[in-house]
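Read off the chains here:
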Amino acid sequence: MLTLGSLFDGIGVFPLAAKLNSIEPIWASEIMKAPMSITKRHFPGMAHLGDITLLDGGKIPPVDIITFGSPCQDLSQIGDRAGLAGKKSSLFFQAIRIINEMRDATGNLFPTFAVWENVMGSLSSGNRLDFGAVLTAFAGRPVPMPVSGKWANAGMVRGGRPDIAWRLMDAQYWARPPLARRKRIFLLADFRGRRTASILFRPPGVLPFFGAGGPGWNPTAPGDRGPFLETGGRVPIVYPFQMYRMRAAAVHQNHTQFTGSFGKRNDPFPTILASKNAPFSFWYEDNPAGGCVRYLTERETERLMGLPDGWTEFGAAGERISPTQRYMALGNSIALPCAFYIMEGIRNSVS
């Protein structure tokens, strides 16, 4: 059985994607109290190693796969753009250190794969030098900037070890019904083969929504406000609410644009953020005037990330996680279908 270690674990999405593909999560590293408690509830047998800066990769249990979505605040297009030199995003190099220490301690046997996830802005931050530094850190040698002067949304670094590929994936296209818009870079390193292209660029499937509680996971408590679907009734149309469009239309007294701000079929869903919650419009095809505008519930936010209902509702001791902590944890998290696609590819590549 393949094994996995998750750095910057959050709420355990990489371990969940691994478990669904018969890959065993062995340990995780996280320092935020609420996400740790959520993960411990779902993976009681997984060890929690704590602060990544205090870990020695040569002394922790070796694993086949190391995953990490290092902090993105300094790389994000809505962040401070301090880049990899920033206090939080520079923790990326701690993960690289741990990978190298584990490989040195195991005679280059472990890990076999490493998966890095981050925001789309990592391709352009630091005048596009930061992503070059990421590739160089993985490759262990300089990786030159393309002649175009910018990094493509997908690419490869071949000819040495490890074999490296990356791909920009938007979560809204990776499940049915569609998820929230969430563009993220996923980089895969294969230290013992040349399998990254067959894993990361293979034809995709789509991961359906979990039912309530998901397969084998804890059921949700009843009585959640604002159900996503009406019980025994019509299914509402849910679209993002275009607040700025509405304000501009109101200023110019444009009735058509004003009603259009309540969501159209082709409007992209906004990214779910840790810092704020975006409003959505809920209405019916035969009665748009009878709709409403409100924020997503915590359960709806879980569904738009492809997670089982109630994934973030309770902690390890059965304590209820506050709505603020749930929204923050989900905004910092990874969309499950994208992680599932990569774990499935890794599993199939070695079977």
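Calculation notes
Residues numbered from 1 in each chain as written. Predicted model: local features only at pLDDT ≥ 70, side-chain atom pairs only at ≥ 80, totals over all residues. Heavy atoms only, no water. Helix = DSSP H or I, 4+ residues; strand = E, 2+ residues; numbered from the N terminus. Buried < 20%, exposed > 50% of the residue type's maximum accessible area, 1.4 Å probe, protein only. Contact = heavy atoms within 4.5 Å. Areas by Shrake-Rupley, 256 points an atom, 1.4 Å probe, with all protein chains shown as cover. Phe/Tyr/Trp six-rings, centres within 6.5 Å; stacked < 30°, edge-to-face > 60°. Pairing = 2+ DSSP bridges. Axes fitted to C-alpha atoms, helices over the stretch in contact; angles between N-to-C directions. Core = buried A, V, L, I, M, F, W, Y, C linked by side-chain atoms within 4.5 Å. pLDDT = per-residue confidence, 0-100. Polar contact = N/O pair within 3.5 Å; in protein donor to acceptor, adjacent residues only side chain to side chain. Salt bridge = Lys/Arg side-chain N within 4 Å of Asp/Glu carboxyl O.

**Q** Can you help me understand the overall build of the protein in this one?
**A** Helix and strand counts for the protein come out as 10 helices and 13 strands. Burial analysis of the protein (351 residues in total) assigns 52% to the buried set. If you take every contact in the protein between residues at least 6 apart in sequence, the share linking residues at least 24 apart comes to 67%. Counting only carbon and sulfur atoms, one obtains 56% of the accessible surface of the protein, whose full area is about 16100 Å².

**Q** Looking at this model, I keep getting lost on helix α9 (residues 323-331). Mind explaining?
**A** One turn of an α-helix holds 3.6 residues; hence residues three or four places apart share an orientation. Those residues of α9 lying buried are Arg 326, Tyr 327, Ala 329, Leu 330 and Gly 331. Turning to α9, the residues buried within the fold contact α2 (33-42) and α8 (298-304).

**Q** Hey, could you run me through the packing of aromatic side chains in this one?
**A** Each aromatic ring pair is described using two quantities: the centre-to-centre distance and the angle formed by the ring planes. All told, the structure shown has 11 aromatic pairs when counted by the stated rule. Ring centres of Phe 43 and Trp 311 lie 6.2 Å apart, and the angle between their planes is 65 degrees; on these two criteria the pair is classed as edge-to-face. Of this pair, Phe 43 sits in the loop between α2 and β3 (47-48) while Trp 311 is found in the loop between α8 and α9, placing the two residues 268 residues apart along the sequence. The class of Phe 43 is buried, set by a relative accessible area of 7%. The class for Trp 311 is buried, based on a relative accessible area of 1%.

**Q** I keep staring at the sheet that holds strand β1 (residues 3-7) and nothing clicks. Help me out?
**A** By way of backbone hydrogen bonds, the strands of a sheet pair with one another, either parallel or antiparallel. Across the sheet, 8 strands lie side by side as β3-β2-β1-β4-β5-β9-β7-β6; this open sheet has mixed pairing. Edge strands, defined here as strands with exactly one partner in the open sheet, are β3 and β6 (154-157). Bridge count between β1 and strand β4 (residues 65-68): 4 bridges; the pairing is parallel. Directly across from Ser 6, in β4, lies its bridge partner Thr 67. Against the sheet, helix α3 (residues 92-105) engages β1, β2 (24-29), β4 and β5 (113-119), with an angle of about 175 degrees to β4. Sitting on the sheet, helix α4 (residues 129-139) is in contact with β4, β5, β6, β7 (163-170) and β9 (183-190), with an inclination near 20 degrees to β9.

**Q** Could you clarify how one ought to interpret the nonpolar core in this entry?
**A** Soluble globular proteins tend to pack their nonpolar side chains together in the buried interior. Within the largest apolar cluster, 43 residues are counted, with the highest numbers of intra-cluster contacts made by Ile 11, Ile 65, Val 115, Leu 307, Ile 342, Met 343 and Ile 346. Breaking this core down by element, the ones donating at least two residues are α1 (13-19), α2, β5, β7, β9, α5 (196-200), α9 and α10 (336-350). Among the elements that make up this core, the one with the highest residue count is α10 (8 residues). One finds Ile 99, Leu 123, Phe 131 and Leu 187 within the second-largest nonpolar core, a separate group that totals 34 residues.

**Q** What is the right way to read the confidence of the model for the protein from this model?
**A** As a note on interpretation, predicted positions should not be read in detail where pLDDT is low. Chain-level pLDDT for the protein is 84 on average; 80% of the residues reach the 70-or-more range. In this model residues 74-81 is a low-confidence stretch, pLDDT under 50, and it forms 28 contacts with partners more than four residues away in sequence or in other chains. The low-confidence segment residues 211-232, where pLDDT is below 50, has 42 contacts with residues more than four positions distant or belonging to other chains.

**Q** Just checking my understanding: could you explain the side chain of Thr 312 for this structure?
**A** Tracing the backbone shows Thr 312 in the loop between α8 and α9. On the basis of relative accessibility, which here comes to 0%, the residue Thr 312 falls in the buried class. A polar contact of 2.8 Å, which involves the side chain of Thr 312, links it to the side chain of Arg 326. Setting aside anything within four residues of it in sequence, one finds Thr 312 in contact with Ile 11, Ile 38, Glu 302, Ile 321, Arg 326 and Leu 330.

**Q** Help me out: how do you make sense of the pairing of β9 in this one?
**A** When a strand is regular, its side chains alternate between the sheet's two faces. For β9, the buried fraction is high: 7 of the 8 residues fall into the buried class. Relative to β9, β5 is paired through 7 bridges, and the arrangement is antiparallel. Bridging from a neighbouring strand, Ala 114 pairs with Ala 189 of β9.

**Q** Even after reading the chapter, I still don't get the pattern of salt bridges, so can you show me in this structure?
**A** Oppositely charged side chains may form a pair once their charged atoms are brought near each other. Under the criterion given, the structure shown has 11 salt bridges. Residue Arg 326 is joined to Glu 302 by a salt bridge in which the shortest nitrogen-to-oxygen separation is 3.0 Å. You can see Arg 326 sitting in helix α9 and its partner Glu 302 sitting in helix α8, a full 24 residues away along the chain. A relative accessible area of 0% places Glu 302 in the buried class. Each of Glu 298, Glu 302 and Arg 326 takes part in a single network of salt bridges with overlapping partners.

**Q** Can you walk me through α4 in this structure?
**A** Burial within α4 is extensive, with 8 of its 11 residues counted as buried. All of the buried residues along α4 are Asp 130, Phe 131, Gly 132, Val 134, Leu 135, Ala 137, Phe 138 and Ala 139. Against β4, α3, β5, β6, β7 and β9 lie the buried residues of α4. Just downstream of α4, Gly 140 is the residue with a positive phi angle, here 75 degrees.

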